[in-house]
Amino acid sequence: MRLLVIGGGGREHALCWALRRENPHADIYAAPGNPGTGTLATNLNIPSDDLDRLADAVDAYGIDLTVIGPEVPLAMGLADRLRGEGRVVFGPGAAAAQIEASKSFAKGVMERAGVTTARSASFSTLAEALAYVDAHPEPLVVKASGLAAGKGAVVCATRRDAAIAVRAMLGEKRFGSAGQVVVIEDFLEGEELSVFAVTNGREVRLLPAAQDHKRLLEGDQGPNTGGMGAYAPVSLASHDLLQMVERDVLLPTLAQLEDEGAPFSGLLYAGLMIGADGAPSVIEFNCRFGDPETQAVLPLIDGGLTDLLDAAARGVALPHVQLRQGAAVTTVLAAPGYPDTPRLGSIISIPDDLPEGVTIFHAGTRLEDGVLRVNGGRVLAVTGVAEGFAEAQEASRAGAQAVQFEGKVWRTDIGWREAARA
Ligand code: AMP
Ligand code: GLY
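Novice: Before we go on, may I ask you to explain the site of ligand 2 in this structure?
Specialist: In the vicinity of ligand 2, the residues found are Asp212, Lys214, Gly226, Tyr269, Asn286, Arg288, Gly290, Asp291, Pro292 and Glu293. One nitrogen or oxygen atom from the side chain of Glu293 is found 2.8 Å from a nitrogen atom belonging to ligand 2. For ligand 2, whose unbound accessible area comes to 200 Å², protein coverage reaches 90%.

What follows is the structure, encoded as structure tokens:
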């Protein structure tokens, strides 16, 4: 079997790692990959947005299944392009990827499907957006509608802050084309949950639910980031809650997308707010695996992932994966200055004798003359897996502590809500 993973972050290292575990003899490629995927797969030096060269590589290497990690190539139509050439691809086409690439489109789909989400309105002119803000109760949330690498949502305590955010997007164009349309929505109270549904467009298989830690600093303070850590499973995500998410959120959204001529297959990621009443509201959808949640979720799968992704890609009946008992906690190590101006280049040292149960996934690293260096904002993700949550958290922390690079930024409190529940 010949497999190709598109992308080069921690999520893609985790995907290569899980696929390699299940397929010890397969030819696995990553494009562009990173030094971590390079230990498990053959890295192809092709950027994940170079559709022509990726299509050529799929052809040249006779790839049986392509798994697309990031949202950008999905929104650009890589899956359509490869499917058009008769290939098996895990990931939605460009039309369905709009569920992530346009928050304004996603809001419309949810409204038409009757899926609960924060009340909102979309604007492309500054004066109208400011007038809406002026009449809106506080707090409120301002979002760039397009793709903004996880940095396009601004939670505003006051209308004044919201007006500043709206001006930055529609006036100063600080988010470029992603901010040409802004979505202004009500603030949702509650606890966040990331639910990953593998789907062939009609049927879904849920992976263990995860919780991300988007803020930079301990206690969920500081600016939003791409994600500073995650854990799975989340005890808040009871069987009943997940059934409700499947019935009231995932299936109606998939049916609506299909009705609108944008059938979705691949991974539908529901970013949810669970309110005090226990009911889920959708904060956002993503059209791909989450990062860093994937680095916590995939180590809990004990077999069947390749078959599940392949079935979803082919549009046939979905098998079940085998899950292992236990918990996984992932701590992200970021570069100093992240998320605004990460400082790159420092030498990274990873000890050979990592604590038991610890796996390190590379994100922003590069190898230069055999020396591993910092090459991105989020540098590594350290996952601890154990029978219990507390041990997994301890393993992740100990692993994060053991890795060294100058100015390493990390949170010691990943999973604090779960710890508090226990
Ligand atoms: P998004 O880019 O839409 O995922 O938003 C990023 C983060 O902003 C979310 O993970 C939440 O923490 C927060 N957020 C977004 N929308 C809302 C909302 N309507 N109410 C409360 N928090 C929100
Ligand atoms: N961890 C959030 C995301 O992948 O969008």
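Now that the structure is up, let's keep going.
Novice: What exactly am I supposed to notice about the pattern of salt bridges here?
Specialist: When the charged atoms of two side chains lie near each other, side chains of opposite charge can form a pair. The full count for this structure, using the stated rule, is 29 salt bridges. Between Lys103 and Glu284 there is a salt bridge whose closest N-O contact spans 3.4 Å. One end of the pair, Lys103, is in helix H6 (residues 103–113); the other, Glu284, is in strand E17 (residues 280–286), and 181 residues separate them in sequence. When its relative accessible area of 19% is taken as the criterion, Lys103 is described as buried. For Glu284, a relative accessible area of 17% gives the class buried.

Novice: It is not clear to me how the state of the cysteines should be interpreted in this structure. Could you clarify?
Specialist: In a disulfide, the sulfur atoms of two cysteines are held together by a covalent bond. In the structure shown here, the tally under the stated rule is 0 disulfides. Of all cysteine sulfurs, the one in Cys287 lies closest to Cys16, which takes part in no disulfide; the gap is 19 Å. Assessed through its relative accessible area of 1%, Cys16 is described here as buried.

Novice: Honestly, the sheet that holds strand E3 (residues 42–43) in this entry has me stumped. Any pointers?
Specialist: Across a sheet, strands are paired by hydrogen bonds formed along the backbone, either parallel or antiparallel in direction. Strand order in the open sheet formed by 5 strands is E3-E2-E1-E4-E5, and the pairing between neighbours is parallel. With one partner strand each, in any of the chains shown, E3 and strand E5 (89–90) form the two edges of the open sheet. Bridge count between strand E1 (residues 2–7) and strand E4 (residues 65–68): 4 bridges; the pairing is parallel. Bridged to Leu3 within E4 is Leu65. Sitting on the sheet, helix H11 (residues 305–314) touches E4 and E5, and the angle it makes with E4 is about 95°.

Novice: Help me understand the site of ligand 1 in this model?
Specialist: Taken together, 15 residues form the shell around ligand 1, and within it Glu185, Leu188, Glu192, Lys214 and Glu284 come nearest. Contact between ligand 1 and Glu185: a nitrogen atom at 2.8 Å from a side-chain N or O atom of the residue. One of the backbone nitrogen or oxygen atoms of Leu188 is found 2.8 Å away from a nitrogen atom of ligand 1. Every element with two or more residues in the shell around ligand 1 is listed here: strand E7 (140–144), strand E8 (153–156), strand E9 (182–186) and E17. Grouping the constituent residues of the shell around ligand 1 by class yields 7 nonpolar, 1 polar and 7 charged.

Novice: Could you clarify how one ought to interpret helix H9 (residues 239–259) in this entry?
Specialist: One turn of an α-helix holds 3.6 residues; hence residues three or four places apart share an orientation. End to end, H9 covers 29 Å across 21 residues, agreeing with the expected 30 Å (1.5 Å per residue, within 8%). Its maximal kink placed at Glu246, H9 deviates by approximately 35°. Among the residues of H9, those classed as buried are Leu241, Leu242, Val245, Val249, Leu250, Thr253, Leu254, Gln256 and Leu257. For H9, the elements touching its buried residues are helix H5 (94–101), H6, strand E10 (191–199), strand E11 (204–206), strand E16 (266–274) and E17.

Conventions we followed
- Residues numbered from 1 in each chain as written.
- Chains lettered and ligands numbered in written order.
- Predicted model: local features only at pLDDT ≥ 70, side-chain atom pairs only at ≥ 80, totals over all residues.
- Heavy atoms only, no water.
- Near = heavy atom within 4 Å.
- Polar contact = N/O pair within 3.5 Å; in protein donor to acceptor, adjacent residues only side chain to side chain.
- Areas by Shrake-Rupley, 256 points an atom, 1.4 Å probe, with all protein chains shown as cover.
- Salt bridge = Lys/Arg side-chain N within 4 Å of Asp/Glu carboxyl O.
- Helix = DSSP H or I, 4+ residues; strand = E, 2+ residues; numbered from the N terminus.
- Buried < 20%, exposed > 50% of the residue type's maximum accessible area, 1.4 Å probe, protein only.
- Disulfide = S-S within 2.5 Å.
- Pairing = 2+ DSSP bridges.
- Contact = heavy atoms within 4.5 Å.
- Axes fitted to C-alpha atoms, helices over the stretch in contact; angles between N-to-C directions.
- Nonpolar A, V, L, I, M, F, W, Y, C, P; charged D, E, K, R; others polar.
- Expected span 1.5 Å × (residues − 1).
- Bend = angle between axes of the 7 residues up to and from the residue.

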